[in-house]
Amino acid sequence: MSCRKSHHPEHVKKDLTNRLNRIEGQIRGIKGMVDKDVYCDDIITQLSATQSALNSVAKVLLQGHLKGCVVERLAEGDNEVLDELLVTFQKLMRK
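Residues numbered from 1 in each chain as written. Predicted model: local features only at pLDDT ≥ 70, side-chain atom pairs only at ≥ 80, totals over all residues. Heavy atoms only, no water.

- The protein has the name CsoR family transcriptional regulator in an unreviewed UniProt entry, where Psychrobacillus glaciei is given as its organism.

See the structure below:
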């Protein structure tokens, strides 16, 4: 595990935390739907909405990463960040 840390502005952290709290609630709701034997299609619809919400969080993080971490590391001459970024894109595109 790397020792590097993000340094998101406080308003971005708050936004990410709010989004993740909503997603956590959605997951609990889906679990409840499964426990109550809710119709499969309705559960799948909720799963799709939750995946979309997770993708939105990833987009916010990726934007901050590109504009902050990647730019800084390139400015420092650390071109390895580009290989790291390609791996990150591959992970996101598997979904």
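### Observations regarding the environment of Asn 18
Working step 1: Inspection of the secondary structure puts Asn 18 in helix 1 (residues 10-35).
Working step 2: What makes Asn 18 partly exposed here is its relative accessible area of 35%.
Working step 3: Along the sequence, Asn 18 and Gly 32 sit 14 residues apart, while their C-alpha atoms lie 21 Å from each other. (Helix = DSSP H or I, 4+ residues; strand = E, 2+ residues; numbered from the N terminus. Buried < 20%, exposed > 50% of the residue type's maximum accessible area, 1.4 Å probe, protein only.)

### A closer look at unusual backbone geometry
Working step 1: Despite not being glycine, Asp 37 shows a phi value in the positive range, around 55 degrees.
Working step 2: Considering the arrangement of structural elements, one finds Asp 37 in the loop between helix 1 and helix 2 (40-75).
Working step 3: By relative accessible area, Asp 37 is classed as exposed at 68%.

### Description of the confidence of the model for the protein
For any part of a model where pLDDT is low, the fine detail of the predicted coordinates should not be relied upon.
Working step 1: Scored by pLDDT, the protein has a mean of 92; 96% of the residues are at 70 or more.
Working step 2: When pLDDT is averaged over each helix and strand of the protein, the minimum, 93, is found for helix 3 (residues 80-93) and the maximum, 97, for helix 1. (pLDDT = per-residue confidence, 0-100.)

### A few points about the packing of helix 1 against helix 2
Working step 1: Relative to each other, helix 1 and helix 2 sit at 165 degrees, their axes nearing to 10 Å. Relative to helix 2, the element helix 1 lies roughly antiparallel. The hand of the helix 1/helix 2 crossing is left-handed. When helix 1 is examined against helix 2, the residues Val 12, Asp 15, Leu 16, Arg 19, Leu 20, Ile 23, Gln 26, Ile 27, Ile 30, Met 33 and Val 34 are found in contact with a partner set consisting of Asp 42, Ile 43, Gln 46, Leu 47, Ala 49, Thr 50, Ala 53, Leu 54, Ser 56, Val 57, Val 60 and Leu 61.
Working step 2: In terms of residue class, the contact of helix 1 with helix 2 is made up of 16 nonpolar, four polar and three charged. (Axes fitted to C-alpha atoms, helices over the stretch in contact; angles between N-to-C directions. Parallel < 35°, antiparallel > 145°, perpendicular 65-115°, else oblique. Left-handed = near helix turned anticlockwise from the far one by under 90°. Contact = heavy atoms within 4.5 Å. Nonpolar A, V, L, I, M, F, W, Y, C, P; charged D, E, K, R; others polar.)

### Quick word on the packing of helix 2 against helix 3
The description of two helices packed together rests on the angle between their axes and the distance between the axes.
Working step 1: Look at helix 2 against helix 3: their axes get within 10 Å of each other, and the N-to-C directions meet at 170 degrees. Viewed along their axes, helix 2 and helix 3 adopt a mutual orientation that is roughly antiparallel. Here Ala 58, Leu 62, His 65, Leu 66, Val 70, Arg 73 and Leu 74 of helix 2 lie close against helix 3, whose contacting residues are Glu 80, Val 81, Leu 82, Glu 84, Leu 85, Phe 89 and Leu 92.
Working step 2: Its residues assigned to classes, the contact of helix 2 with helix 3 comprises 10 nonpolar, one polar and three charged.

### With respect to the pattern of salt bridges
Working step 1: Going through the model one piece at a time under the given rule, you end up with four salt bridges.
Working step 2: Taking the shortest distance from any N to any O, the salt bridge between Glu 24 and Arg 28 comes out at 3.7 Å. Here Arg 28 and Glu 24 lie together in helix 1, a separation of four residues that amounts to about one turn.
Working step 3: A salt bridge links Glu 84 to Arg 73, with the shortest nitrogen-to-oxygen separation between them at 3.2 Å. With Glu 84 in helix 3 and Arg 73 in helix 2, this pair connects stretches of sequence that are 11 residues apart.
Working step 4: Classification of Glu 84 as partly exposed rests on a relative accessible area of 24%.
Working step 5: The buried category is assigned to Arg 73, whose relative accessible area is 11%.
Working step 6: Connected through shared salt-bridge partners, Arg 73, Asp 78 and Glu 84 make up one network. (Salt bridge = Lys/Arg side-chain N within 4 Å of Asp/Glu carboxyl O.)

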